[in-house]
Amino acid sequence: MILDLKSVFADVGKEISVDYLFDMSNTDFAGGFPLKTPVNVKGRVYNRAGVVEIELNMVYVFDAPCDRCGADTVREYSVEFVKMLATSIEGEESDTIITVPDMMLDVDELVFTEVFLSLPTKHLCKETCKGYCTMCGKNLNEGECNCKSDSIDPRLTELAKLLDN
């Protein structure tokens, strides 16, 4: 979605609403495509006292297996985005200001970047997910296994002997 912001920059109090669905289903993340439904984008671009800002709220559904137990997990996330817009910046670049020299703003590019950067690096079915036993492979969310938990990595047996002394 490309927004023409000429009228917003020209008129104090002017506002443009943003409300659309953005498809990111073809976006590869960690070897999968977890954004199966479109991102719901709502917000506005407005001129308040000569300062033009964009506010966006992006809601997406992350659909991927749990990183510990592999169970199918669907979770909704929300991303808030507020930045100032300017036609030019004198001096250094700024993280809080987006330059729009031609007064045309590609909202899709902003949405893609913000959503992609907010994707969870650890996706769990629940915060207390125990995953699988490394010895027998039992799903520990379904109950405990009978494996000895005090087994020592064979590479560390000599160090364990020092602790016994």
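Residues numbered from 1 in each chain as written. Predicted model: local features only at pLDDT ≥ 70, side-chain atom pairs only at ≥ 80, totals over all residues. Heavy atoms only, no water.

(A) Representation of the environment of N146 within the structure. Tracing the backbone shows N146 in the loop between α2 (107-118) and α3 (157-164). As a C-alpha pair, N146 and M135 span 11 residues in sequence and 9.8 Å in three-dimensional space. (Helix = DSSP H or I, 4+ residues; strand = E, 2+ residues; numbered from the N terminus.)

(B) Here's a closer look at the sheet that holds strand β3 (residues 39-48). Within the open sheet, the five strands sit side by side as β2-β3-β4-β5-β6. Their pairing is mixed. Each edge of the sheet is formed by a strand with only one pairing partner; in this case those strands are β2 (15-22) and β6 (97-99). Taken over all neighbouring pairs, the strand axes of this sheet differ in orientation by 30° on average, direction set aside. Bridge analysis of strand β4 (residues 51-65) against strand β5 (residues 72-86) gives 14 bridges, and the strand direction is antiparallel. Looking at the pairing, V59 lines up with S78 of β5. Lying on the sheet, α2 is in contact with β2, β3, β4, β5 and β6; it crosses β4 at an angle near 50°. (Pairing = 2+ DSSP bridges. Axes fitted to C-alpha atoms, helices over the stretch in contact; angles between N-to-C directions. Contact = heavy atoms within 4.5 Å.)

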